[in-house]
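# Chains, contacts and geometry: an overview
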Amino acid sequence: MNAQESAKYVVSPPLDGGEAVVFVPGLGGRTKFVDRWNEPGRGPVIRRAVWSEPMNVPAVDERGAALASLIDRADASDVVLVGHSMGALVCLEAAGRLDRRVRGVVVMCQYPPHRTPVSPLAELPDRALAAELDAPPHIADTAALPEYARLWRSEYRLLNRYLESDPRPMVNAPIVAVGAKDDASSWSSENLDEWHSYTTKRLSVHMVAGGHQMVEELPSETLREWLSTFSC
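To keep things clear, this report deals only with the structure shown in the data block. (Residues numbered from 1 in each chain as written. Predicted model: local features only at pLDDT ≥ 70, side-chain atom pairs only at ≥ 80, totals over all residues. Heavy atoms only, no water.)

### Some words on the sheet that holds strand β4 (residues 78-84)
Taking strand neighbours across the sheet as the criterion, the 7 strands line up as β1-β3-β2-β4-β5-β6-β7 in an open arrangement whose pairing is mixed. Strands at the two margins of the open sheet, each flanked by one partner only, are β1 (9-12) and β7 (203-208). Between one strand axis and the next, the sheet turns by 20 degrees as a mean value, whatever way the strands run. Taken together, the 4 bridges between β1 and strand β3 (residues 46-51) define a ladder with antiparallel strand orientation. Bridge pairing in β3 places V11 opposite A49. Contacts from helix α3 (residues 60-73) reach β1, β2 (19-24), β3 and β4, with the element oriented near 45 degrees to β1. Packing against the sheet, helix α4 (residues 86-98) makes contact with β1, β2, β4 and β5 (102-108), and its axis sits at approximately 155 degrees to β4. (Pairing = 2+ DSSP bridges. Helix = DSSP H or I, 4+ residues; strand = E, 2+ residues; numbered from the N terminus. Axes fitted to C-alpha atoms, helices over the stretch in contact; angles between N-to-C directions. Contact = heavy atoms within 4.5 Å.)

### Some words on the nonpolar core
Grouped together as the largest cluster of nonpolar side chains are 52 residues, with contacts concentrated most on L67, L81 and W195. If we ignore the near neighbours within four places in the chain, the residues touching L67 are Y9, V24, A49, L81, V90 and A94. (Core = buried A, V, L, I, M, F, W, Y, C linked by side-chain atoms within 4.5 Å. Buried < 20%, exposed > 50% of the residue type's maximum accessible area, 1.4 Å probe, protein only.)

### Looking at the pattern of salt bridges
Counted according to the given criterion, the structure contains 16 salt bridges. Note that R42 is salt-bridged to E39, the shortest N-O span being 3.1 Å. Look at R42 and you get partly exposed, because its relative accessible area is 37%. Residue classification places E39 among the partly exposed residues on the basis of a relative accessible area of 25%. (Salt bridge = Lys/Arg side-chain N within 4 Å of Asp/Glu carboxyl O.)

### Looking at the packing of aromatic side chains
Aromatic ring pairs: the centre-centre distance and the angle between the two ring planes describe each pair. One pass over the full model with this rule turns up 6 aromatic pairs. Aromatic side chains F33 and W37 sit 5.4 Å apart centroid to centroid with 75 degrees between the ring planes, which places their arrangement in the edge-to-face category. Considered together, F33 and W37 belong to a single accessibility category, that of buried residues. In this structure an aromatic cluster arises from ring pairing among F23, F33 and W37. (Phe/Tyr/Trp six-rings, centres within 6.5 Å; stacked < 30°, edge-to-face > 60°.)

### A closer look at the packing of α3 against α4
Closest axis-to-axis distance for the α3/α4 pair is 7 Å, and the angle between their directions is 55 degrees. If you check the angle between α3 and α4, you find them oblique. In this structure, α3 crosses over α4, and the sense of that crossing is right-handed. On α4, the residues touching V60, D61, R63, G64, A65, L67, A68, I71 and D72 of α3 are M86, L89, V90, E93, A94, R97 and L98. Considering only residue class, the contact of α3 with α4 consists of 10 nonpolar, 1 polar and 5 charged. (Parallel < 35°, antiparallel > 145°, perpendicular 65-115°, else oblique. Left-handed = near helix turned anticlockwise from the far one by under 90°. Nonpolar A, V, L, I, M, F, W, Y, C, P; charged D, E, K, R; others polar.)

Take a look at the structure:
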């Protein structure tokens, strides 16, 4: 059975047609911080897309297809996709399939595919890999570590395969590319500028303070300012 048939994205709050902003996390799938972005009485609601079976790891393009299918079935037609790290690549794949249903895409802490180097992390032993990913103690210091390490290696191997396939999805919507000054995956604005190769519309690049997990501290006002540019 194809992984996409047994696992899928679950969007919360559920899509209900029309306008939607959907956040897609990267490796690890943390989304708790999204609650901060949804201030009472302020729209649009920023929804989370979470993979339903974390230990079932399909390819990046399959995840993009699954997200696009979910949005299509919900008849959402004014969609902004926000992706962090590998989630940005999922958004790229989904946006390429959704075409004019997408109003804009925000990619954070992720160079475009042709500028992202193949990761060596898939070959590290369990504890070294956990240290590189700054895994929390309840994972790194317990018997669960080997299973999590297996998952992480699967993710990186699939990511490497995706990068080596030289994909070129094209988005028919503006892209906002966000880099973090202390993040090896996004510190170069020159590399981020090359996201222009993936859109038929405009690209804007922004640099913020912090490292790869800057998204967890990102102020709601900053994100909403970027989202507002898609209404221009």
